[in-house]
Structures are given as structure tokens and as C-alpha cells.
Amino acid sequence: MLLSVPAMAGGPADLPTIRTDLTPKDQARVLAVTRPTTDFTKPEPFELMQGGAGTSRKDVNRDAFSQSSANITFEEEGTFKLGDALFRKNWVSSPSSTQASDGLGPLFNERACQNCHLKDGRGRPPEGDAGSTSMFLRLARDASSAEEKAALADHKLLNFPDPVYGAQLQDLAVPGLKGEGRMHVDYQEQKVTLGDGTVVALRKPSYSVENLGYGPLDPRTTLSPRLTPPMIGLGLIEQIAPADILAHADPDDRDGDGISGRPNIVRDALSGQTTLGRFGWKAQTASIRQQAADAFAGDIGISTPEMPKPWGDCTQAEKDCLAMPNGVQQRLGAVEAPPPVMDLVTFYSRNLAVPARRDLDTRQVLGGKKQFYEMGCISCHTPKFVTLRGTPNKAQAFQLIWPYSDFLLHDMGEGLADGQQVGEANGSEWRTPPLWGIGLTATVNGNTFYLHDGRARTLAEAILWHGGEGRKARDRFAGATAADRDALIKFLESL
């Protein structure tokens, strides 16, 4: 199936439906190695190295997500370290004596990439006075006119920002300016009784904004919380063949299994072409470089060649923001983060290694893997892919990887819906997140918050929130014995 024409005959956006980078012999090898296993008595070949040859075999500790791909060259290791330094760099407001580091804001959420992607891992929801450093509110409304609907259909825009507050709520500001407001989260407890009588408490969040600094939000604006995701394996995801992702798409559910994943087709801001979105909670971004540029602009307020806006997400209604100085230094270029900065940050982001599996040969983990397959989890969490033959960096070329994601959009039901359209993703659809590294969340980040808004405090809670296309698998988990549920969780913790 991976190498054949997908259910979406012809392919969206004229994307290739058959891989052209492989010989017939290689095609046969890839098809064989990526076929789902039926033998759960022992690990599969190469399963330990879930990030291919670049998998990190370093000691498991808080830096487990911060290691470079094991197969990059000595010279590339130096480039990686420079990118790491820029990823950790704190930007400062303008004007400043450190002219290569100024340009922060004027409105922003954090001063450095690393401050949001904590230890290159996932963020956490705000609690008490801890703030919302690593979870943001996206602000957007649907199209309201024929012209706006046409712009969405032509992929010129993903959605429409709030007319005053822009596309994202920034709670911080440079001296002399006030932030836009503060995210507030309320939780209501919901109790779920499993098949064996076990009661699990879920927390259902609701979101609002306190202390709005520039007047009310537009009544049509929706609030969508977004937890920062882990950074590992991004370069490998970028090199999965579009045909292999599209091979899993079944938007009309022709096979009748209740799973109808579909791609988010977006316009690549770098090439201007429509292509496959594969990054972000709604698969709204096509490349790592664009993802980095979006984060520089929206989270830190730094302009790049890809997003040359020195005032970040400031809108025309925020005139005090637009009147603040910016950090553009003409001797350094027309933007605050010129191409060399973007080159280094992009290289760093592409080469953060996936950690090796742990305990994959124990009886309980193997039993949990069997449950994961038999409950239907692999219908969305596709275990493995083989990356493209020809890649910009040899480290990502022709690698067998185990991300446990199909990188498609799925309707996850009303319980997880945010009501916000992003490109072709509607208000109840989310991209299947990759699961590699999920078992190291507590080790790296010191907490266990899952899903797009961190509402789930355990992996079991995350599964129980699955609705829509994930409902059947969720119900099988809820109806399983305690031993089978525990085994499945142990399998996830081994990833």
C-alpha cells in the first residue's frame, strides 16, 4: 500500500502518488520492511534504532532530546552546536548595545526558542503563577465573505487573525508597552468508568483571556491552545516521501473502517507551490525552515527573510507597538535574523536525534505492542516509514524510521475540538502526532502533559480523550483488562 496509488486518485495538489526515487528492487525492500508485523514474540529487526542510523544511544537523562543525529559528520557537528547556541539565545529589545541580538518583540511570548521547547521537548499548560511560556493561544476566525473563502480555497491563507490581537496572543512586551493579555484555563473534572470498574478522572479545559490590553477580542475569534511539541526527528519527518503519506489517506473512508485521514494541503511560502503540510498540530506547515520563521515572528517577534516583519504579530490596530524601535541593522541585512541565523537554526532543528528504544524485548512491552496493533491504534499511528533516497543531507537519506504517525488529519471528536479552521483542517481535526520519545517526557521535562493542550496528565488519559475516528480504539482500551491496559502503556513508555 505504501508504494501504490493512494485512495486519493490523482493525488491532491498534483503531489506524486508513486515514489520515483527507488529502483524496483528498493521498492520491494521498502514495502516488505514497512509492512505491519504480525509477530509479537520478539522485537522487529532495527526496531531499537527508531530514528534510523541517526538514533541517539546516549545515556537517558534530561538531555535525551538534545543530542545530535549520530550519523552527521564532524564538521556538521560544529554547525549543529552553533545552531544550538542560537536556539538557546535570548533576544533583547531595541535599541541595544548588542546589535546582533536586539529586535525582541515588541510583543512576544518568550525571548528564546529553548524557553518554549523546554530541553527540546514538549511544553506544559499554565498552572497558577507559572505563566504560559510553553503553551500559546492561537487566535483565528473563519472566512466571512466570498473573497475570503476564495483566498482559503486557493491556499493563500490558513485562516483569518483577530483584527486587533493578530494570530496569537502575546502576553509579554518590551519596556514601554503592555502585553496583550493572559491566558486563563479552567478545568472541570469528568469521571470515566472503564470496563473493569476502574474510574479515571479526566479534566476538561475551557479558555479565556484576562486583562486584555487593547480592547475586546472580535466576537468571531476562536481560542485554540497549542502546547509546544518535542523537536526530535523533524529532519526525518521532512524527508518522508509525500506518496508514502498520501498512501494512508482515505478521506471518503472507502474501506469502511471508520478512519478517514486526509492531508492538509498548504502553500509553501518559500516556493509558492501547494504542497503537503506535515508540521504543527494541524499539519499547517510544509517545512522546518518555515516552522522556524513562523516561531521567530509569532513567539519572539523577530523578522527573518521568510517573515520580514520586524514588529512580529503587531497589527495596525496596535499603533503603540508599531511605533516601537526594531532591531534591523542595515549592515547586517534587512531583517533581524538574517539567512545565516536561519540556516543554523534550521540545521539544528533537522538534526535533533530520536533516542533509542528501551525495554523493547520485555514480555510486557511486546504484549503491549500487540495490544497497540490489535486495538487499531496503528490505523493512525503508522509505525514505520523509509525516507527518500535523495535528501539535502545524507544523514536523513533512506532511513528506516519508527515515528508512529501517518501525519494526516483526523476528526478526533467534539471533546478535543477547538472550533478553529487551519488551512484544510477543520475545527475537530488534528494531525496524528508522532509517538517516538513519548516515554521520556517525564525524564526530559519533569512532567507528563499530553495532547495539544496538555489536558491529559497520563498516557491513559490521553487515550481516553480520543473520539471521532479514534473512538473505536479508545473503547477497546477502556474495555480491556487492567493487565492489557498496563502493557499497552508500557509499550508507549518504551518509545
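These notes cover the structure that comes with them.

Cut-off values and rules
Residues numbered from 1 in each chain as written. Predicted model: local features only at pLDDT ≥ 70, side-chain atom pairs only at ≥ 80, totals over all residues. Heavy atoms only, no water. Helix = DSSP H or I, 4+ residues; strand = E, 2+ residues; numbered from the N terminus. Rg over C-alpha atoms; globule rule 2.2 N^0.38 Å. Buried < 20%, exposed > 50% of the residue type's maximum accessible area, 1.4 Å probe, protein only. Contact = heavy atoms within 4.5 Å. Phe/Tyr/Trp six-rings, centres within 6.5 Å; stacked < 30°, edge-to-face > 60°. Salt bridge = Lys/Arg side-chain N within 4 Å of Asp/Glu carboxyl O. Core = buried A, V, L, I, M, F, W, Y, C linked by side-chain atoms within 4.5 Å. Axes fitted to C-alpha atoms, helices over the stretch in contact; angles between N-to-C directions. Parallel < 35°, antiparallel > 145°, perpendicular 65-115°, else oblique. Nonpolar A, V, L, I, M, F, W, Y, C, P; charged D, E, K, R; others polar. Disulfide = S-S within 2.5 Å. Expected span 1.5 Å × (residues − 1). Arc of directions from axis to C-beta. Polar contact = N/O pair within 3.5 Å; in protein donor to acceptor, adjacent residues only side chain to side chain.

Let's shift gears to the overall build of the chain. When you go through the chain residue by residue, the secondary structure sums to 14 helices and 12 strands. For a compact globule of 495 residues, the expected C-alpha radius of gyration is about 23 Å, and the chain comes in at 22 Å, within 12% of that figure. Principal axes of the C-alpha set define a box for the chain whose edges measure 65 × 55 × 50 Å. Across the 495 residues that make up the chain, the buried fraction comes to 57%. When contacts within the chain are restricted to residue pairs at least 6 apart in sequence, those whose partners lie at least 24 apart make up 69%.

Aromatic rings in a pair are described by how distant their centres are and how their planes are angled relative to each other. Counting across every chain of the model gives nine aromatic pairs. Ring geometry for phenylalanine 40 versus tyrosine 373: centroids 5.2 Å apart, planes at 75 degrees, classification edge-to-face. Remark: tyrosine 373 occurs in helix H10 (residues 363-374) and phenylalanine 40 occurs in the loop between helix H1 (24-34) and helix H2 (74-88); sequence separation between them is 333 residues. Residue class for phenylalanine 40 comes out buried when judged on its relative accessible area of 16%. Their ring planes at 65 degrees and their centres at 6.3 Å tell us that tyrosine 165 and tyrosine 214 sit as a pair that is edge-to-face.

Applying the stated rule across the entire model yields 30 salt bridges. Where glutamate 47 meets arginine 357, a salt bridge forms, and the shortest distance between an N and an O atom there is 3.0 Å. One end of the pair, glutamate 47, is in the loop between H1 and H2; the other, arginine 357, is in the loop between helix H9 (339-350) and H10, and 310 residues separate them in sequence. Given a relative accessible area of 2%, glutamate 47 falls into the buried group.

Core analysis: the biggest nonpolar cluster contains 103 residues, and Phe296, Phe372, Tyr404, Leu488 and Leu492 have the highest contact counts within it. Once you skip the residues sitting within four places of it in the chain, leucine 492 turns out to touch Phe372, Leu435, Ile438, Gly439, Leu459 and Ile463.

Their axes nearest at 8 Å, the elements H2 and H9 cross at an angle of 105 degrees. As the angle between them shows, H2 and H9 are arranged roughly perpendicular. Residues Glu76, Thr79, Phe80, Leu82, Gly83, Asp84, Leu86 and Phe87 of H2 form the contact with H9, whose own contacting residues are Val341, Leu344, Val345, Phe347, Tyr348 and Ser349. Broken down by class, the residue content of the contact of H2 with H9 amounts to nine nonpolar, three polar and two charged.

Within the structure shown, the criterion is met by one disulfide. Disulfide pairing is shown between cysteine 314 and cysteine 321; the S-S distance is 1.6 Å. Accessibility expressed as a relative area gives 1% for cysteine 321, which makes it buried. With no disulfide of its own, cysteine 116 lies closest to cysteine 113 among cysteine sulfurs, the gap being 7.6 Å.

For the rest of this paragraph, the subject is H2. With 15 residues, H2 extends 21 Å from end C-alpha to end C-alpha; this agrees with the ideal 21 Å at 1.5 Å per step. Every buried residue belonging to H2 is among Phe80, Gly83, Asp84, Leu86 and Phe87, and all of these are buried. One side of H2 holds all its buried residues, which, seen down the axis, span an arc of 165 degrees. Facing away from the buried surface of H2 by more than 90 degrees, the exposed residues are Phe74, Glu75 and Lys81. The inward-facing, buried residues of H2 contact helix H3 (113-116) and H9.

This part takes up unusual backbone geometry. Geometrically, the link from serine 94 to proline 95 is a cis peptide bond, its omega value of -10 degrees lying close to zero. Within the secondary structure, proline 95 is located in the loop between H2 and strand E1 (107-108). Residue proline 106 is bonded to the preceding glycine 105 through a cis peptide linkage, with omega at 10 degrees. Examined against the element boundaries, proline 106 turns out to sit in the loop between H2 and E1. Notably, tyrosine 404 is not glycine yet its phi reads approximately 55 degrees, a positive angle. If you trace the backbone, tyrosine 404 turns up in the loop between strand E10 (400-401) and strand E11 (409-411).

Attention now goes to helix H13 (residues 471-479). All buried positions along H13 are accounted for by Ala473, Arg474, Phe477 and Ala478. The buried residues of H13 occupy an angular sector of 135 degrees when projected down its axis, which confines them to one face. Buried positions along H13 lie against strand E4 (182-193), helix H12 (459-464) and helix H14 (482-493).

Here we take up the side chain of glutamate 44. With respect to the helices, strands and loops of the structure, glutamate 44 is situated in the loop between H1 and H2. At 2.5 Å, the side chain of glutamate 44 forms a polar contact with the side chain of lysine 369. A distance of 2.5 Å separates polar atoms of two side chains, one belonging to glutamate 44 and the other to lysine 384. In this structure, glutamate 44 is in contact with Thr37, Lys369, Tyr373, Lys384 and Trp402, ignoring residues within four places of it in sequence.

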